[in-house]
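# Overview (structure and organization)
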Amino acid sequence: MGRLFGTDGVRGVANADLTAELALGLSVAAAHVLAEAGTFEGHRPVAVVGRDPRASGEFLEAAVVAGLASAGVDVLRVGVLPTPAVAYLTGALGADLGVMLSASHNPMPDNGIKFFARGGHKLADELEDRIEDTYRAHASGEPWDRPTGAGVGRVRIYDEGFDNYVAHLIGVLPNRLDGLKVVIDGAHGAAARVSPEAFARAGAEVVTIGTDPDGLNINDGCGSTHLDKLRAAVVEHGADLGVAHDGDADRCLAVDAAGAEIDGDQILAVLALALREAGGLRGETVVGTVMSNLGFKLAMEREGVRLVQTSVGDRYVLEEMKSHGYALGGEQSGHVIVLDHATTGDGTLTGLLLAARVAATGRSLAELAAVMERLPQVLINVPDVDKSRVATSTELGAAVLDAERELGSTGRVLLRPSGTEPLVRVMVEAADIEQARSVAGRLADAVKSALG
């Protein structure tokens, strides 16, 4: 059996891979491991539990709550709220752990469980491994001390979480959004109420789409992975900009007044310069990943901002930020982390800060985003190859050198072995899209020849 925890918690098809029994057992194990790690510091532990609107979240939430309470943990149920809201409330309420039920941008049949440690921080790999080992031990019959009587956890609904989180978001903004018209696509997900409310309280005129979740329509043709409806709505309503979230609202993409996409790299570029202007860009540094567009890197160099690049995944961005005290980081996909105000990517916060920059400068989003030129990227997946030899194949290394010489300083090449599949991803950027396609095609052939 493989490792249960992936890069962002435990995910799978609800009631098939991710069952009520698994959710209950993992919650018991999480309570035990975090207590043994000293997280509870000798007092009665408290957990914050939230979810996105997926229908399966209803029974999975019940299982998680039962598991935590049976292990002696008091539970605050915050209901349907974004992942970053659960992380924020875990820290703000002094809770010992948080649990979010969501599969983010995945389709409705999937769901997931993500645990947060005290302070609202993601768990280190070591703690996830211990939770998984403890779960497997319990599942094999190893007994554990079950509290009885007054020792069992108590459960209550915490409706104040919504207002507390929205107030936090408004308090972070450097200026109001009066005079802006904003279209919000909530992906029929966890931000369906939160994001429109936050933008409205900040002074924006709000138009909404994708804000009527029914438990079955999350991410269905809407949200950050399907921008067409947002583009059309922004143009139709004459809005200044539009923002789109994913199912659990830890990411944000945007479109300008003409309906052109503004991706995570462009958002980072705008926010980095705004933060530097305010004196908050520590180390004059922003953190991205190896997939960050070359145009972003060149723009930051031109503006005197250093770009540190990590492996793909917001957890690696966050680790780099925490290790060196950087204030801003994120991914092209729209995971943007503003570490002074959030412990994880926060799509609503990102959208608010982007809109605040538009309002403060009086410049359009298109003008602000033009600080970087997004170079065309061509991505080809090459399946059924020995991905373990990407770094050692001399034949492939020679092909990469040839490609880099052809592109020169106006492009770049990246080969990435997939973490879960037997394939290699070939990514080529170049100012000329036809050149990028040609180079990528030749490299894909070289991967097949060298590693097939």
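In case you missed it, the structure is sitting above this.
Bear in mind that the values here come from a model prediction, so they are computed numbers and not experimental data.

## A few points about the packing of helix α5 (residues 160–172) against helix α11 (residues 347–361)
Between α5 and α11, the shortest axis-to-axis distance is 10 Å and the interhelical angle comes to 30°. Relative to α11, the element α5 lies roughly parallel. The crossing of α5 and α11 is right-handed. Across the interface between the two elements, Tyr165, Leu169 and Val172 of α5 pack against Thr348, Leu349, Leu352 and Leu353 of α11. For the contact of α5 with α11, a count of residues per class yields six nonpolar, one polar and no charged.

## What about the sheet that holds strand β12 (residues 261–262)?
If you trace the five strands from one edge of the open sheet to the other, you get β9-β8-β10-β11-β12, paired in mixed fashion. Each having just a single partner strand, β9 (205–209) and β12 make up the two edges of the open sheet. Pairing analysis gives two bridges linking strand β11 (residues 252–256) to β12, with the strands arranged antiparallel. When the sheet's bridge partners are listed, Val255 is paired in β12 with Glu261.

## Side note on the environment of Arg130
For Arg130, the location among the structural elements is in helix α4 (residues 125–139). For the pair Arg130 and Ala167, spaced 37 residues apart in sequence, the C-alpha separation works out to 36 Å.

## Overview of the pairing of strand β3 (residues 74–80)
Alignment of strand β2 (residues 46–51) against β3, held across six bridges, turns out to be parallel. For Gly50, the partnering residue across the bridge sits in β3 and is Gly79. Handedness of the β-α-β unit built from β2, helix α2 (residues 56–70) and β3 comes out right-handed. Alignment of β3 against strand β7 (residues 155–157), held across three bridges, turns out to be parallel. Along β7, the bridge assignment pairs Arg77 with Ile157.

## Observations regarding unusual backbone geometry
Its identity is not glycine, yet Ala187 carries a phi of approximately 60°, on the positive side. Despite not being glycine, Ala249 shows a phi value in the positive range, around 60°. Structurally, Ala249 can be placed in the loop between β10 (241–245) and β11. Taking relative accessible area as the criterion, Ala249 reaches 0% and is therefore assigned buried.

The rules behind the values
Residues numbered from 1 in each chain as written. Predicted model: local features only at pLDDT ≥ 70, side-chain atom pairs only at ≥ 80, totals over all residues. Heavy atoms only, no water. Axes fitted to C-alpha atoms, helices over the stretch in contact; angles between N-to-C directions. Helix = DSSP H or I, 4+ residues; strand = E, 2+ residues; numbered from the N terminus. Parallel < 35°, antiparallel > 145°, perpendicular 65-115°, else oblique. Left-handed = near helix turned anticlockwise from the far one by under 90°. Contact = heavy atoms within 4.5 Å. Nonpolar A, V, L, I, M, F, W, Y, C, P; charged D, E, K, R; others polar. Pairing = 2+ DSSP bridges. Right-handed = clockwise from strand over helix to strand, strands pointing away. Buried < 20%, exposed > 50% of the residue type's maximum accessible area, 1.4 Å probe, protein only.

Read these as layout, nothing more, since geometry by itself doesn't imply function.
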